[in-house]
2 protein chains.
Amino acid sequence: MDDDPAPRAVALLSGGLDSYTAAAIARAEGFSVYALTVRYGQVHACELAAARRVAAALRVKRHLELDVDLAGFGGSALVGDGAVELDQAPDRVGIPATYVPARNTVLLSLALAWAEALGAQDLYLGVNAVDYSGYPDCRPEYLNAFEQLAKLATKAGVEGARLRVHAPLIRDSKAAIIIRGMDLGCDYGLTHSCYAPVRHDQPCGRCDSCQLRARGFAEAGFVDPLLAMSG
Amino acid sequence: MDDDPAPRAVALLSGGLDSYTAAAIARAEGFSVYALTVRYGQVHACELAAARRVAAALRVKRHLELDVDLAGFGGSALVGDGAVELDQAPDRVGIPATYVPARNTVLLSLALAWAEALGAQDLYLGVNAVDYSGYPDCRPEYLNAFEQLAKLATKAGVEGARLRVHAPLIRDSKAAIIIRGMDLGCDYGLTHSCYAPVRHDQPCGRCDSCQLRARGFAEAGFVDPLLAMSG
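Now for a description of the structure that goes with this document. This structure is a prediction, so every number in the text was calculated from the model and none was measured.

About the criteria used
- Residues numbered from 1 in each chain as written.
- Chains lettered and ligands numbered in written order.
- Predicted model: local features only at pLDDT ≥ 70, side-chain atom pairs only at ≥ 80, totals over all residues.
- Axes fitted to C-alpha atoms, helices over the stretch in contact; angles between N-to-C directions.
- Helix = DSSP H or I, 4+ residues; strand = E, 2+ residues; numbered from the N terminus.
- Parallel < 35°, antiparallel > 145°, perpendicular 65-115°, else oblique.
- Contact = placed C-beta atoms within 7 Å.
- Nonpolar A, V, L, I, M, F, W, Y, C, P; charged D, E, K, R; others polar.
- Buried ≥ 20, exposed ≤ 12 C-beta atoms within 10 Å, placed from the backbone.
- Left-handed = near helix turned anticlockwise from the far one by under 90°.
- Pairing = 2+ DSSP bridges.
- Right-handed = clockwise from strand over helix to strand, strands pointing away.

With that settled, consider the packing of helix α3 (residues 103-118) of chain A against helix α3 (residues 103-118) of chain B. Helices that pack against each other are described as a pair by the angle of their axes relative to one another and the distance between those axes. In contact at an axis separation of 9 Å, α3 of chain A and α3 of chain B are set at 170 degrees when each is read in the N-to-C sense. The orientation of α3 of chain A relative to α3 of chain B falls into the category roughly antiparallel. Residues T105, V106, S109, L110, L112 and A113 of chain A of α3 of chain A form the contact with α3 of chain B, whose participating residues are T105, V106, S109, L110, L112 and A113 of chain B. Its residues assigned to classes, the contact of α3 of chain A with α3 of chain B shows eight nonpolar, four polar and no charged.

Below, the structure is given as structure tokens:
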């Protein structure tokens, strides 16, 4: 048992800009941060390298990387297919290619499990309802429902702990997130946002995620340190 | 895409008696069953062998085994510790040794993810509130909360799908579960219940789980086929 008197929080860390900022807010709000990166079969391993850089920069108490092979489920362009197929994959219609089925429920449930083991009552995540309005599990009502579930799901909740799901960026624009993070000393040159990096971790500049990031930095009035480095 | 006209259900399968019975009920209720076994770092690998035997006996459409290393979180005697510790493990007080933090939330969220990818609206699990009254995530109010969450968490739910969490055994005694399963043709000689098997998959006969099972068979008026085989 360490003797850090600060309350503990579990922060989901993807290696992207939003989760970095959310974890920095957790730290600024006085928490001892335990960072959780879930490797759910992402196509881009450079996200993991970014998550490690971010965790180190945040000086988190611990950074845990957890493998969950969601690729076995099928149903998304964001997860590679490494599973043994015993049956034909079902077809999917009308779902955005980057949507991962029930992703935030899986991520939050894992964060909750670790929080309970750590005696932590606070979860932080960088979800945003502005840029991801099409994703059901990025809405405030979803997060409220998870908070209600967490109270019923755990010994701590049943015993009266006030489990809280913090999504401090949920209503912010990308520019507002960047301004908030820069103010907290975030070095966004450590992050990775691109869905289709050209080689190594160099952003393509064309995918949705790259364009969203570029607009955010432009509106915030900053130069993206990632482009400054690679350019 | 297969041409099975039956609706699909995802059933959580552990290799134990309860989840086998719940999956058999799903099949009896007309579902095409997709069985999910989550390997969350259990000490006893023979549970997995049992899950495979049960899946084969049930002739499930597909049996998916998914690794999630909950052992990295610490906090339970039921999961081995295979994680790299970057910090001291926190101490735990007042939690039963066999309680796995937020376990059912993790299992249900994974089942939900697969269900969404499959276009399934029904989840089956063998939780029981009689034998596991000390576990917060085995109570009906918890399962209701998860059902509410599932509606908000997924595209399917938002689009009006009636996602349902079926826990058909939740109020049954072990004897009642056994009688129900025998009636459905379950071969309980395929299952594994023991927390501390002597060697291979031979039950110890002394642990809580063995004693619960023995009392169940006695009250149901059946001989446990597992004991008949090994004895």
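Now for the environment of A150 of chain A. Residues and elements named next belong to chain A. Structurally, A150 can be placed in helix α4 (residues 140-153). With 27 C-beta atoms counted inside 10 Å, the residue A150 sits in the buried group. In this structure, the C-alpha to C-alpha distance between A150 and S109, residues 41 residues apart in sequence, is 8.4 Å. Contacts of A150, omitting those with residues within four sequence positions, involve L112, G157 and L163.

Let's shift gears to the packing of helix α6 (residues 174-183) of chain B against helix α7 (residues 208-220) of chain B. All names here are of chain B. Put simply, α6 and α7 touch, their axes get as near as 7 Å, and they point 65 degrees apart. Of the two possible hands of crossing, α6 and α7 adopt the one that is right-handed. For the pair formed by α6 and α7, the contact residues are K174, A175, I177, I178 and I179 on the first element and L212, R213, R215, G216, F217, E219 and A220 on the second. Residue classes in the contact of α6 with α7 are distributed as seven nonpolar, one polar and four charged.

For the rest of this paragraph, the subject is the pairing of strand β1 (residues 8-12) of chain A. All names here are of chain A. Most of β1 sits out of view: five of its five residues are buried. Of the two faces of β1, the one lined by R8, V10 and L12 and the one lined by A9 and A11 are each fully buried. Pairing of β1 with strand β2 (residues 32-39), which is carried by five bridges, proceeds in the parallel orientation. Bridge assignment links A11 to a residue of β2, and that residue is A35. A crossover connection joins β1 to the parallel β2 through helix α1 (residues 17-28); in handedness this β-α-β unit is right-handed. With three bridges joining them, β1 and strand β4 (residues 122-124) adopt parallel strand pairing. Each bridged residue has a counterpart across the sheet, and for V10 the counterpart in β4 is L123.

Non-glycine residue A102 of chain A carries a positive phi angle of around 50 degrees. Tracing the chain through its elements places A102 of chain A in the loop between β3 (62-67) and α3. Among the residues examined, A102 of chain A registers 31 C-beta atoms within 10 Å and is labelled buried. One non-glycine residue, R59 of chain B, lies in the positive phi region at around 50 degrees. With respect to the secondary-structure elements, R59 of chain B resides in the loop between α2 (46-57) and β3 (62-67). Of the residues examined, R59 of chain B has 8 C-beta atoms within 10 Å and is grouped as exposed.

Once that is clear, we can look at the sheet that holds β2 of chain A. Working definition: the strands of a sheet are paired by backbone hydrogen bonds and lie parallel or antiparallel to each other. All names here are of chain A. Taken together, the five strands give an open sheet; going across it, the order is β3-β2-β1-β4-β5, and neighbouring strands pair in parallel fashion. Here the strands that pair on one side only, and so sit at the sheet edges, are β3 and β5 (164-166). Recorded for the sheet is a direction-independent mean angle of 25 degrees between the axes of neighbouring strands. Here β4 pairs with β5 via three bridges, running parallel. Paired with Y124 across the two strands is H166, which belongs to β5.

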